[in-house]
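Each chain, letter by letter, is given below.
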Amino acid sequence: MESHSETLPTSPEQLKAQQPLEAPYVTIIKDVVHKKIPEHQKSFDITLDEINRQITGDGLFQWESQETKGVKFLAGHLSVTPELIQKIASQKPQPKEPAVQQRDTLDQRLELYVYFVEPSFGVGEDGSALSALDMGIARFIAEMPKVAQAIRSGEEPPAIDIYLVGGPTALGGQVTREFVDSVKQNGFSEYGKLYAEFVKQKLASIDLDKTRVVLQGASKGAITSDKTYANLPTNMQERTQLLYDNPAGTQGENIPTQIGRSINLGVGMVTELGIRKFAGTVKGGAFSGQTEFYRAISQEKGIEPDSEEQKKLKRELFIRGEVAALAKGTPLDSEQRSFSRISTPDPVNINFGNILRVVKKDLFEDVFEKIGAMRIGVPFGQRRALVAKQEGKRLTFATGNTVHNFPWVRSIDSGSWAQKMEFVENSQAPTAS
């Protein structure tokens, strides 16, 4: 009898090689939701597996600028599909009277939602579209109820497109001497031009009157998103919203402010790394397989290793371009309407005025909440006061997160993700009677 045992995987390495690639943030977020939202584990697994299928498949690609020849970055594309919603909803029978999520009149007219997520500061290969994937996953989950609501109502679901753009110094990026010199001279304005070209390309053939566009950036990504918006034509700006998480490097350009914020940035990053290593929801050790993943996905996508000249240019762009621009400061345009969510406190970008406003409002509202609870005989619960500061057309909101990275953790801790997934689970299409 012929034996075929030699063709079967026998070692852990062989078994691992046969498994599909899984992006680090997919693995990390799976672990988090398994621990914190176990009642919806299967639904999140279905969702995250679909996200992984897209981002390790055709949804990950190198994009090359036509306006700035020779400059490339790694980009990603995710799409929330009706098929995914139906797959999740089919796990259990439809309830007799599912809760209905209200939508405003504008949403009822929209056929397409397009999000562009721009990455935070990254060292070496970090800072690519894959480094922004956690923000992409958070946006993906936040948008699932829109499609689910349409299915419940027997309507045509809107299309949801989420684009992740990467940095030119990161994995899959490529730069030229001319681009490096331009960034050294003009700072993140050059990134704004680059990303605006990408946005214009993706929006070129769609009906903007039925579309909502959102530019979303975290940390350094807030600056580049701000500059991206500034380089869009008016008709696209009119359909675009700006959403920033924990903007960093946005200080004024006077010398004392630059020195203070530069020190805060450096010390804060070290503090943040310490928090990630020993505490918090996402620990540093969770990224242990990232280098191997980068190597494997590069081979699969045909991303060539950087030449020595390219490595030299990227180092120069990183240190004398990005780091220098962050230290110098790039104030956000207060004449552009934008919404910022900042952690209190954020170790990388400490804002004592914001912390004081939150503490004062928390204390003030806590007293009245207790008095009200005693008067009507109901318990009171802890909650984060919603504090907003307006500067021109910029609105800044304080959030309960206490770290610079991973703003989506607050959505898990608040129960928001659990509520959204429950809504999706109960979203089977109505059946004919």
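First things first, this report covers the structure right here in the doc. In this text, all values refer to a predicted model and were calculated from it rather than measured experimentally.

Throughout the structure, instances matching the rule amount to 14 aromatic pairs. Between phenylalanine 116 and tyrosine 163, the ring centres sit 5.4 Å apart and the planes meet at 15 degrees, which makes this aromatic pair stacked. Of this pair, phenylalanine 116 sits in strand 3 (residues 112–118) while tyrosine 163 sits in strand 4 (residues 159–165); the two residues are 47 residues apart in sequence, bridging distant segments of the chain. Using a relative accessible area of 11% as the deciding quantity, one classes tyrosine 163 as buried. Judged by centre distance (5.2 Å) and plane angle (25 degrees), the ring pair of phenylalanine 121 and phenylalanine 318 falls under stacked.

Glancing now at the nonpolar core. Grouped together as the largest cluster of nonpolar side chains are 59 residues, with contacts concentrated most on Leu130, Leu133, Ile137, Met144, Trp408 and Trp417. Top contributing element to this core by residue count: helix 6 (residues 133–153), with 10 residues. Leucine 130 has contacts with Tyr25, Ile55, Leu60, Leu74, Leu171, Phe293, Tyr294 and Ile297, leaving out every residue within four places of it along the chain. Counting residues in each nonpolar core, the second largest holds 36 residues, with Val71, Tyr191, Leu232 and Ala325 among its members.

So, about unusual backbone geometry. Phi is positive for serine 219, which is not a glycine, with a value near 55 degrees. Relative to the helices and strands, serine 219 resides in the loop between strand 5 (211–218) and helix 9 (220–230). Owing to a relative accessible area of 8%, serine 219 belongs among the buried residues under this scheme. The phi angle at asparagine 246 is positive, at roughly 45 degrees, despite the residue not being glycine. Looking at where asparagine 246 falls in the secondary structure, it is placed in the loop between strand 6 (240–245) and helix 11 (255–278).

Moving on: the packing of helix 3 (residues 41–55) against helix 16 (residues 416–425). Relative to each other, helix 3 and helix 16 sit at 85 degrees, their axes nearing to 10 Å. Taken together, the axes of helix 3 and helix 16 lie roughly perpendicular to each other. Where helix 3 approaches helix 16, its residues Ser43, Phe44 and Thr47 are matched on the opposing element by Trp417, Met421 and Glu425. Looking at the contact of helix 3 with helix 16 residue by residue, the class counts come to three nonpolar, two polar and one charged.

Tallying each qualifying case throughout the model produces 19 salt bridges. In this structure, arginine 410 engages aspartate 245 in a salt bridge whose closest nitrogen and oxygen atoms are separated by 2.8 Å. With a gap of 165 residues between them, arginine 410 in helix 15 (residues 409–413) and aspartate 245 in strand 6 connect regions that are remote in the sequence. Judged on exposure class, the residue arginine 410 and its partner aspartate 245 are both buried. The shortest N-O distance in the salt bridge between lysine 314 and aspartate 306 comes to 2.9 Å. Taking relative accessible area as the criterion, lysine 314 reaches 7% and is therefore assigned buried. When its relative accessible area of 30% is taken as the criterion, aspartate 306 is described as partly exposed. Put simply, Arg177, Asp181, Lys184, Glu316 and Arg320 are held in one network by salt bridges that share partners.

Scoring rules and cut-offs
Chains are numbered independently. Their residues run from 1 in the order of the written sequence. Note on the predicted model: pLDDT of at least 70 is required for a residue's local features to be given, and 80 or more for side-chain atom pairs to be given and counted; whole-chain, interface and lining totals, by contrast, use all residues. As a convention, hydrogens and water are excluded, and side-chain values are obtained from all of the structure's heavy atoms. In this scheme Phe, Tyr and Trp rings, the latter by its six-membered ring, pair at centre separations within 6.5 Å, and the angle between planes marks the pair as stacked below 30 degrees, edge-to-face above 60, and tilted otherwise. Secondary structure elements are defined from DSSP: runs of H or I of at least 4 residues count as helices, runs of E of at least 2 residues count as strands, and each element is numbered from the N terminus. Between buried and exposed lies partly exposed: a residue is buried under 20% and exposed over 50% of the maximum accessible area for its type, with that area taken using a 1.4 Å probe on protein chains only. Think of a nonpolar core as a cluster: buried Ala, Val, Leu, Ile, Met, Phe, Trp, Tyr and Cys residues, connected wherever their side-chain atoms sit within 4.5 Å. By definition in these notes, contact holds between two residues if any of their heavy atoms fall within 4.5 Å. The axes used here are C-alpha line fits, helices contributing only the stretch in contact, and every angle between their N-to-C directions lies in the interval 0 to 180 degrees. Any angle that falls under 35 degrees is termed roughly parallel, while one over 145 is termed roughly antiparallel, one within 65 to 115 roughly perpendicular, and all others oblique. Residues were grouped as follows: Ala, Val, Leu, Ile, Met, Phe, Trp, Tyr, Cys and Pro as nonpolar; Asp, Glu, Lys and Arg as charged; and all remaining residues, including Gly, as polar. We count a salt bridge whenever a side-chain nitrogen from Lys or Arg sits within 4 Å of a carboxyl oxygen from Asp or Glu.

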